[in-house]
Amino acid sequence: GMGPLKPYLLFDNTPQINFILQQMILEYYQGQQYSQQVLYAKLIELWSLFARQQTEKFAQNEHNIPEDVTKILSYLCTHYATTNLSETAKQFGYSSNYLSQYLQRYTGYCYSDLIYNLKMQNATSYLIHSNFSLEEISERLGYSDVNYFRKIFKKKFGISPRAYRNQHKSNA
């Protein structure tokens, strides 16, 4: 099976990609008029080639994640605050044990870690992009105790939710 999901993508350095990178370097150091716009255009071209390459790699990959894993992950993204392992397993017709091992095999994370990561991801999003109070955010994430939410947030990010919001709101 596949290992844990990696936080990076690998690209093949094709002659086309290499050529664009060389053009970008030249453009940058020549510093002519409109070089910023030319660099943006080259960057878009580069990312488009990267995206095309990833799409081709994904299509060739026989080890694609099974469709039901994708459906389960999609379900968790929507119901992370209210569901639990046995409820999710029942929803997809699996035993709790099997579902947990199945997700671990394809994502590299056990069920509770997936839920925790989804909650923390959504917590950061709520903190930056909403004006909800910590109590409201905690509730939306499925935590009945706001102090517990504060504690686990700080454990993960090394900073309190309020400090995180203040730090990131000014940059948003």
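Residues numbered from 1 in each chain as written. Predicted model: local features only at pLDDT ≥ 70, side-chain atom pairs only at ≥ 80, totals over all residues. Heavy atoms only, no water.

Turning to the overall build of the protein, a few remarks are in order. A tally of helices and strands in the protein yields nine helices and zero strands. A separation of at least 24 residues holds for 56% of the contacts in the protein among residues at least 6 apart in sequence. On the protein, roughly 11700 Å² of surface is accessible, and the fraction owed to carbon and sulfur atoms is 53%. (Helix = DSSP H or I, 4+ residues; strand = E, 2+ residues; numbered from the N terminus. Contact = heavy atoms within 4.5 Å. Areas by Shrake-Rupley, 256 points an atom, 1.4 Å probe, with all protein chains shown as cover.)

With that out of the way, let us pick up the nonpolar core. Formed by 28 residues in total, the largest nonpolar core has its most connected members in L76, L103, L141, F149 and F153. Looking at this core, the elements that each hand over two or more residues are helix 3 (67-79), helix 5 (96-107), helix 6 (111-129), helix 7 (134-140) and helix 8 (146-157). Residue contributions to this core peak at eight residues, all from helix 6. When near neighbours in sequence (up to four residues on either side) are disregarded, L103 contacts I72, L73, L76, G108, Y109, Y111 and L114. I20, M24, L39 and L46 belong to the second-largest nonpolar core, a separate cluster that totals seven residues. (Core = buried A, V, L, I, M, F, W, Y, C linked by side-chain atoms within 4.5 Å. Buried < 20%, exposed > 50% of the residue type's maximum accessible area, 1.4 Å probe, protein only.)

What follows covers the packing of aromatic side chains. Under the counting rule described, the total for this entry stands at 14 aromatic pairs. Residues Y126 and F132 carry aromatic rings whose centres are separated by 5.7 Å and whose planes lie at 65° to one another, so their mutual orientation is edge-to-face. Ring-pair connections join several aromatic residues into one group, and the members of that group are Y143, Y148, F149, F153, F157 and Y164. Across the ring face of F157, the terminal group of K156 is positioned such that the distance to the ring centre comes to 5.7 Å. (Phe/Tyr/Trp six-rings, centres within 6.5 Å; stacked < 30°, edge-to-face > 60°. Lys NZ or Arg CZ within 6 Å of the ring centre and 35° of its normal.)

All right, on to the packing of helix 3 against helix 6 then. Helix 6 packs onto helix 3 with a crossing angle of 50° between their chain directions and a minimal axis gap of 10 Å. Regarding the angle of helix 3 to helix 6, the classification is oblique. In terms of crossing hand, the pair formed by helix 3 and helix 6 is right-handed. When helix 3 is examined against helix 6, the residues L73, L76 and C77 are found in contact with a partner set consisting of Y111, L114, I115 and L118. A breakdown of the residues in the contact of helix 3 with helix 6 according to their chemical character gives seven nonpolar, no polar and no charged. (Axes fitted to C-alpha atoms, helices over the stretch in contact; angles between N-to-C directions. Parallel < 35°, antiparallel > 145°, perpendicular 65-115°, else oblique. Left-handed = near helix turned anticlockwise from the far one by under 90°. Nonpolar A, V, L, I, M, F, W, Y, C, P; charged D, E, K, R; others polar.)

Let us now look at unusual backbone geometry. Here Y34, not a glycine, exhibits a phi torsion of approximately 65°, which is positive. Following the sequence through the fold, Y34 ends up in the loop between helix 1 (15-30) and helix 2 (35-60). In this structure Y34 comes out as exposed when scored by relative accessible area, which is 56%.

Below, the discussion takes up the side chain of T124. You can see T124 is positioned in helix 6. Apart from the residues within four sequence positions on either side, T124 is in contact with F153, F157 and Y164.

Our next topic: the packing of helix 3 against helix 5. Taken N-terminus to C-terminus, the directions of helix 3 and helix 5 make an angle of 105°; their axes are 11 Å apart at the nearest point. Between helix 3 and helix 5, the crossing angle belongs to the class labelled roughly perpendicular. In this structure, helix 3 contributes D68, V69, I72, L73 and L76 to the contact, and helix 5 contributes L99, Y102, L103, Y106 and T107. Of the residues belonging to the contact of helix 3 with helix 5, the class tally is eight nonpolar, one polar and one charged.

In short, geometric facts, not functional conclusions.
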